[in-house]
Amino acid sequence: MRQRLTHLLHQNPNLFSPQNLLQIQTQLTTTGLLYLNPSCLIPFLNLTLSNPSTLHQATALFNHTQHLNAPTWPIMVRRLNLDADPSRVVSVFRAMQRLKRNGPVVDPYVYASLVKACNKLWATREGKAVHCHVVRIGLEYNVNLWNSILNLYSCSENLIGYACRVFDVMPHRNVVTVNGMLSGFVKNGMLDEGIGLFKKVLGCSFGLECRPNYVTLVVLVSGCVELDGFIVGRVLHSYCCKAGLDLVNEVCNALIDLYSKFGHLGEAVRMFNEMPETDLVSWNSMIAGYAGVGECRKALYLFREMRASNVGFDRVSLSSLISAAANGRDLGMGKVVHGYMTVGGAEITVAIGTALIDMYSKCGSTKCARKILDNLQDESIVLWNSMIHGYVECGHNQEALELFNQIQSRKLRPDEVTMVGLILACRNSGDLSHGICIHSYIENDIHLQRSIVPHNALIDMYSKCGNMSLAKVVFNKMPSKDVISWTSIIVGHAINGEGKEAIFAFRKMRAEKVEPNSVTFIGVLSACDHAGLVDEGLNLYDDMCRLYHIKPRIEHCGCIIDMLARAGRLEEAHKFVKSMPIELNAVVYRMLVNACRVHGDFGRGLCLVSRFADLNTLHGAEDHVASSNILADAGRWDDVLHERSLMATRTYTKVAGKSSITDFR
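Visitor: Which parts of the structure should I look at to understand the overall build of the protein chain?
Guide: Tallying secondary structure elements over the protein chain gives 39 helices and 0 strands in all. Counting over 665 residues, the protein chain shows a buried share of 47%. Here the analysis covers contacts within the protein chain between residues at least 6 apart in sequence; of these, 62% occur between residues at least 24 apart. Element-wise, carbon and sulfur atoms account for 53% of the exposed surface of the protein chain, whose accessible area totals about 33300 Å².

Have a look at this one:
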C-alpha cells in the first residue's frame, strides 16, 4: 500500500480530480504517512497546489502539520497559481508568518512570487511593505526579486518615479530589468523616456548583460503603436534589420502591426511576405490592418488564404473580420462571416457578440443586431451598451431609450458607456425630459456620480437642447474637471450665442492650468465669431498656433474667415485665405461669397465665383445657390440661368432641415 501511494504522489497532477486527491489524502492519513513522513507530505502538497480546486486542502495541511521544514515554504508559495488566485499567495504567506515555525524566510523566490501577487492585486501598500522587508533581511543581491519589485512600481503612473529609483540603485541588472523598465515607460505613456533608456543600453551604459533582445524591440515597437510614434517605430525597424532581429517572428509581428495601424499597408504586406515563417499572430495582424482601413474584401480573402494554409483561427481573427465588415459598411460580408461562425460552431462570446452587434448597426441593420442581443444568454452590460450605441448611430433614439427600461427590469448595472449612449439619444432627439431622468439616475448612483465622462455628456446634452442653466449646474457641481468638461461648457456657450461667457470660461480654464485642445479652440473661436469679437478671436488663434503649437484645421480657419467676413474686413479675410496652411473647402468659399454679397463687394465675389468654377470646387446645391445669388445681385442674368441649369441637369437637392420639440414650456 505504501509503495503504491508513494508511486501515485509522483504522477502528473493533471491526472487527478479533486475527488481523487481527497481519497489519496484519506489513505495517507489512515496509514500515518501524511504527518509523519515529510517525503510523502511535500509531493502531496505539490499535487494539491497544482489544482486551483484543492488549494484549500494545501492550506489546511500546512496549518495542521507539525513537521514542515524550511523547503516547504517556497513550495507552498511558488507553486500557487498567480493568475488564478493571487490573493491565495498573500494569505498563505501570512499564515506562514503567523506560525513562525522556521524563523524568517530568506528564499528570494518566495518574495518574488509575493511581489507579483501584490502587483496583480494592485496592492501597492503591501508591495512596498514586502520591498522594505526584503531590504531589511539583505536580499538585494537577487536580480530576479528586484525585477519583480521594479515591475510592481512601473505599472502605475504614480509610482513610476519609484521604479526609476529602484532601477538606478540595483547592484545588478540584466536585460529583463531593462525590458521591465521600458514596459513601465510605455504603459505610462512615456515613450521619449523609454527611447532615452534604450539609447543608454545601446551605448553599453549598463554592461553587456543588458544588451537588447527581441523582447526589448517588441515592447518599444508596441509602444510606438500605442503612443503615436510612427517615425520612432521606423527607426527601430532599421535597428532590427542591422541587429538581425527582423527575422524573429515576434518582432516581425509587432512591425506589421505598426505599419498596419498607421495605414502603411504596402510595407506591412512586404514584411509579411518576407517572413521566414508566419504564425497566427502574423495573419491576424494583417487581417486587422486591412480591417482598419476598410479593405473588407481583402481581409476576407486573406482569411481564406490563411485557412487554405492550414493555419487555425481564433477569436481575434473573427473579431478582425467582423470589424472589417463594419468599417467597410459591407453587410454582405458581415453576414458571410457570421454564417461561417454559425456553421463552424464557433462560440459567440461577449466580445464576438458585441462586435456582431456593432457591425450590423454600422451597416444599418439594427434588426439583425437586436436578434444577436436577444439570442445571447449572457447578461453582460457590454452587449446592451453596443445595442444602445448602435440604435443611436442609426438614428433610432427612442429604441435606445426603451432599452434602458429592459436593463433595469433585468437588474443589470449600467456603466459609464450605457449612460453616455442614453444621453446621446436624448441629445440627438431633443428629448430633454428623458435626459433629466437619466441625469437623476446618475446622481443617485454612487459609482456614476463620481465619474467625469457621463457628466461631460450631460453638459453637451443640455447645451445642445438649449438649456445652458442646467448645463452650468452640472459643470459647477463636478468635483474635478478635465479638458473635455471645459470644452463642453465653452462650446455650449458658443452655440447658444453666449460669446462673452464662452471667453470667460476659456480664461478661467487657462487660469486653472488646464491645457486647451484643438476642439476647445474651435469652440472659443466660434464664440468670438458669433459675438463679433474679431480682435479677441485673432489673438486666440495666434495663441493656439504660437503658445500651444496646435496645427490649424479647416474649422479653425473657417471661424477666422467668417469672423472677418461678418465684420466687413474682406481684404483681411482674403489675405488670410491666401496664407492658410490648408486647402480651402466649399463651406469657407460660401462664407466669402455671401459676405461679399452682404457688404456689396461684387467684384471680389465674382472673382471668387470664377476662380472656384475653374477649379471645379462647386459640388453641392448650396455652392451653386451662393454663386447664383451674387451673380443675380451683379445683374449677370445669363450666368444665373447657367448656374440654375447646372443644378437642374445634375439633379442637386438641398438637404431638408428638421427640428424636434418635446416640451413647449
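Visitor: Help me understand the packing of aromatic side chains, please; the structure alone is not making it clear to me.
Guide: For any pair of aromatic rings, geometry is given as the distance between the ring centres together with the angle between the planes. Applying the stated criterion across every chain yields a total of 14 aromatic pairs. Ring centres of phenylalanine 303 and phenylalanine 313 lie 5.8 Å apart, and the angle between their planes is 65°; on these two criteria the pair is classed as edge-to-face. With a gap of 10 residues between them, phenylalanine 303 in helix H19 (residues 296-308) and phenylalanine 313 in the loop between H19 and helix H20 (315-327) connect regions that are remote in the sequence. Under the relative-accessibility criterion, phenylalanine 303 is labelled buried at 4%. Ring centres 5.7 Å apart and planes at 55° place the aromatic pair phenylalanine 521 and tyrosine 548 in the tilted group. Residue phenylalanine 521 is found in helix H32 (residues 518-531), and its partner tyrosine 548 is found in the loop between helix H33 (534-546) and helix H34 (554-566); the two are separated by 27 residues along the sequence. Overall, phenylalanine 521 belongs to the buried group, its relative accessible area being 0%. Taken together, the aromatic side chains of Phe230, Tyr259 and Phe262 make up a single cluster linked through ring pairs. One residue, arginine 165, lies across the ring of tyrosine 162, its end atom 5.1 Å from the ring centre. Sitting above the plane of the phenylalanine 167 ring, arginine 173 keeps its charged end 4.9 Å from the centroid.

Visitor: Explain the packing of helix H11 (residues 160-169) against helix H12 (residues 175-187) here, please?
Guide: Two numbers describe a pair of packed helices, the interaxial angle and the distance between the axes. At a minimum axis separation of 11 Å, H11 and H12 run at an interaxial angle of 160°. As summarised for this structure, H11 and H12 are arranged roughly antiparallel, according to the angle between their axes. The element H11 and its partner H12 pack so that their crossing is left-handed. Contact residues: Ile160, Ala163, Cys164 and Phe167 in H11; Thr177, Val178, Met181, Gly184 and Phe185 in H12.

Visitor: Looking at this structure, I do not really get the pattern of salt bridges. What am I missing?
Guide: Pairing between side chains of opposite charge can happen when their charged atoms approach one another. The full count for this structure, using the stated rule, is 19 salt bridges. Among the ionic pairs, arginine 546 bridges to aspartate 542, the shortest N-O distance being 3.2 Å. Of this pair, arginine 546 and aspartate 542 both sit in helix H33, separated by 4 residues, roughly a single helical turn. Counted as one network, the salt bridges with shared partners bring together Arg510, Asp542, Asp543 and Arg546.

Visitor: How should I be thinking about the environment of histidine 493 in this particular structure?
Guide: Position of histidine 493 relative to the elements: it lies in helix H30 (residues 483-495). The buried category is assigned to histidine 493, whose relative accessible area is 5%. Distance in space between the C-alpha atoms of histidine 493 and methionine 468 is 7.3 Å, their sequence separation being 25 residues. Not counting residues within four places of it along the chain, the set of residues in contact with histidine 493 comprises Met468, Lys472, Glu498, Gly499, Glu501, Ala502 and Ala505.

Visitor: Would you explain empty space enclosed by the protein in this entry?
Guide: Think of a ball as big as a water molecule: rolled over the atoms, this probe shows where empty space is left. Within the structure shown, the criterion is met by 2 cavities of 30 Å³ or more. Each residue belonging to the lining of the largest cavity can be placed in one class, and the counts come to 6 nonpolar, 3 polar and no charged. The calculated volume of the second largest cavity comes to roughly 40 Å³. As for the second largest cavity, its lining consists of Gln449, Arg450, Ser451, Ile452, His455, Met478, Pro479 and Ser480. Of the residues belonging to the lining of the second largest cavity, the class tally is 3 nonpolar, 4 polar and 1 charged.

Visitor: Is there a simple way to think about the state of the cysteines in this case?
Guide: Here a disulfide denotes a covalent bond joining the sulfur atom of one cysteine to the sulfur atom of another. Following the criterion strictly, the structure yields 0 disulfides and no others. Sulfur of cysteine 363: no disulfide; nearest cysteine sulfur belongs to cysteine 296 and is 8.6 Å away.

Visitor: I'm lost on helix H8 (residues 108-120) in this one. Help?
Guide: It helps to recall that an α-helix has 3.6 residues per turn; residues three or four apart then point in one direction. With 13 residues, H8 extends 19 Å from end C-alpha to end C-alpha; this agrees with the ideal 18 Å at 1.5 Å per step. Where H8 is concerned, the buried positions are Pro108, Val110, Tyr111, Ala112, Ser113, Leu114, Val115, Ala117 and Cys118. Immediately downstream of H8, the backbone of tryptophan 122 shows phi near 55°, a positive value.

Visitor: Teacher, can you tell me more about the side chain of aspartate 460 here?
Guide: Topologically, aspartate 460 is positioned in helix H28 (residues 452-464). A relative accessible area of 18% places aspartate 460 in the buried class. Engagement of the side chain of aspartate 460 in a polar contact is seen with the side chain of lysine 464, the distance being 2.9 Å.

Visitor: When you look at the packing of helix H10 (residues 143-154) against H11 in this model, what are you seeing that I'm missing?
Guide: Look at H10 against H11: their axes get within 7 Å of each other, and the N-to-C directions meet at 155°. Relative to H11, the element H10 lies roughly antiparallel. When H10 is examined against H11, the residues Trp146, Ile149, Leu150, Tyr153 and Ser154 are found in contact with a partner set consisting of Ile160, Tyr162, Ala163, Val166 and Phe167. In the contact of H10 with H11, the residues fall into 9 nonpolar, 1 polar and no charged.

Visitor: Before we go on, may I ask you to explain the environment of leucine 227 in this structure?
Guide: Position of leucine 227 among the secondary structure elements: in the loop between helix H14 (214-226) and helix H15 (230-243). Separated by 36 residues in the primary sequence, leucine 227 and leucine 191 have C-alpha atoms spaced 7.1 Å apart. Beyond its immediate sequence surroundings of up to four residues, leucine 227 is in contact with Val186, Gly189, Met190 and Leu191.

Visitor: Even after reading the chapter, I still don't get helix H36 (residues 586-598), so can you show me in this structure?
Guide: For H36, with 13 residues, the first-to-last C-alpha span of 18 Å sits near the 18 Å given by 1.5 Å per residue. The positive-phi residue at the C-terminal boundary of H36 is glycine 600, with phi of around 75°.

What counts, and where the lines are drawn
- Residues numbered from 1 in each chain as written.
- Predicted model: local features only at pLDDT ≥ 70, side-chain atom pairs only at ≥ 80, totals over all residues.
- Heavy atoms only, no water.
- Helix = DSSP H or I, 4+ residues; strand = E, 2+ residues; numbered from the N terminus.
- Buried < 20%, exposed > 50% of the residue type's maximum accessible area, 1.4 Å probe, protein only.
- Contact = heavy atoms within 4.5 Å.
- Areas by Shrake-Rupley, 256 points an atom, 1.4 Å probe, with all protein chains shown as cover.
- Phe/Tyr/Trp six-rings, centres within 6.5 Å; stacked < 30°, edge-to-face > 60°.
- Lys NZ or Arg CZ within 6 Å of the ring centre and 35° of its normal.
- Axes fitted to C-alpha atoms, helices over the stretch in contact; angles between N-to-C directions.
- Parallel < 35°, antiparallel > 145°, perpendicular 65-115°, else oblique.
- Left-handed = near helix turned anticlockwise from the far one by under 90°.
- Salt bridge = Lys/Arg side-chain N within 4 Å of Asp/Glu carboxyl O.
- 1 Å grid on protein atoms, 1.4 Å probe; cavity = no way out; pocket = protein on both sides within 12 Å on 5 of 7 lines; lining within 4 Å.
- Points joined across faces, edges and corners; volume = space filled by probe spheres on them.
- Nonpolar A, V, L, I, M, F, W, Y, C, P; charged D, E, K, R; others polar.
- Disulfide = S-S within 2.5 Å.
- Expected span 1.5 Å × (residues − 1).
- Polar contact = N/O pair within 3.5 Å; in protein donor to acceptor, adjacent residues only side chain to side chain.

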